[in-house]
Every structure is written in structure tokens, then in C-alpha cells.
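Reading the structure
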Amino acid sequence: LTSVPAELGQLRLLEGLDLEFNKLTSVPAAIRELRAAGCNVLDEGSDVVVLRAWRAMCPDLQVMWPEDEQPEDWTGVTMEDGRVVKLIFISDFIQVKAVPAEVGRLSSLRELHLNDNRLTSVPAE
């Protein structure tokens, strides 16, 4: 499973939703609203979803971050307590061309190394 339909958010009486151990690249806002309304949503965590989305848009990351490995084992990724705290994308290892806006959801990120890449865009916010 790589995505979930936004229509799941219409299940207003839902008390539990288990999305763990999938390969989600996005979680609709409606699912986050279910969580805010008290539904017990189990997922891989928003940080993992952000990393998988970035992997999906960057061919170099698809090579460097094998789909069958856990994100905490990916080269250049440092996680603590399930949260991304450091990302290193130095040109010796990878060429990043764009930074997705979702990177702003990595609320525990303390270091982001993008030096010597081929960046063509970064998020406005």
C-alpha cells in the first residue's frame, strides 16, 4: 500500500485505523483530521511518509534508499525516536535537484546538508 484514499476521512465514527508496515508516500489531510478528532491512527509516522515521498520523486534516492530497507537504515538519514534529526545529501553520494515542501513537516530536523548539489528549487516556506 503506497497511498490511502482521502475518502477514509469521511468515516467520522471510526475509532481505529492501522496503516503500519506499508510503503506510504502520502497521507491525506482527512486522515490527519481523523486523528485530531480522536481516532487512533497507527501509521509509520509523518517523518517516514515525508522520506518516502522524497524518495519517490528523486531517482538518485531510489537507488540510494532501497525500498525494502527501513528509512532509519538509509544512507544519510539519522533518526532518533522515530523522528528525522539529520539528513545529509552531499554530491559525493547523491544529486538532489529539488527539496519537497513536505520537508517542512520534519519538525525534529536539526541538520540538513545539501551542499554541492544540483538544486533547482526549494520550498517557498
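Everything below is about the structure printed above this text.
The present account deals with the structure reproduced in this document. None of the values given here were measured: they were computed from a predicted structure.

1. Some points on helix H1 (residues 29-36)
In an α-helix, one full turn covers 3.6 residues, which means residues spaced three or four apart are oriented alike. Among all positions of H1, only Ala30, Ile31 and Leu34 are buried. Across the axial projection of H1, the buried residues extend over an arc of 100°, all falling on one side. Just downstream of H1 lies Gly38, where phi reads positive at about 110°.

2. Remarks on a negative patch on the surface
On the surface, a cluster of negative charge is contributed by Glu67, Asp68, Glu69, Glu72 and Asp73. Here Asp73 is to be found in the loop between helix H3 (59-64) and strand E3 (77-80). When its relative accessible area of 53% is taken as the criterion, Asp73 is described as exposed.

3. Section: the pattern of salt bridges
A full pass over the atoms with the stated rule returns 2 salt bridges. Asp47 serves as the salt-bridge partner of Arg83, at 3.0 Å between the closest nitrogen and oxygen. With Arg83 in strand E4 (residues 83-88) and Asp47 in helix H2 (residues 46-57), this pair connects stretches of sequence that are 36 residues apart. With a relative accessible area of 28%, Arg83 lands in the partly exposed category.

4. What to know about the packing of aromatic side chains
Enumeration according to the criterion identifies 3 aromatic pairs in this entry. Pairing Trp54 with Phe89 gives two aromatic rings, centres 4.8 Å apart and planes at 70°, and the pair type is edge-to-face. On the criterion of sequence distance, the pair formed by Trp54 in helix H2 and Phe89 in the loop between E4 and strand E5 (111-113) is long-range, its members being 35 residues apart. Relative accessible area serves as the criterion here: at 0%, Phe89 is assigned to the buried category. Connected via pairs of aromatic rings, a cluster forms that spans Trp54, Trp65, Trp74 and Phe89.

Reading guide: rules and limits
Residues numbered from 1 in each chain as written. Predicted model: local features only at pLDDT ≥ 70, side-chain atom pairs only at ≥ 80, totals over all residues. Heavy atoms only, no water. Buried < 20%, exposed > 50% of the residue type's maximum accessible area, 1.4 Å probe, protein only. Helix = DSSP H or I, 4+ residues; strand = E, 2+ residues; numbered from the N terminus. Arc of directions from axis to C-beta. Patch = residues over 30% accessible without salt bridge, like charges linked within 9 Å, V, L, I, M, F, W, Y side chains within 5 Å. Areas by Shrake-Rupley, 256 points an atom, 1.4 Å probe, with all protein chains shown as cover. Salt bridge = Lys/Arg side-chain N within 4 Å of Asp/Glu carboxyl O. Lys, Arg positive; Asp, Glu negative; His and termini not counted. Charge placed at Lys NZ, Arg CZ, Asp CG, Glu CD. Phe/Tyr/Trp six-rings, centres within 6.5 Å; stacked < 30°, edge-to-face > 60°.

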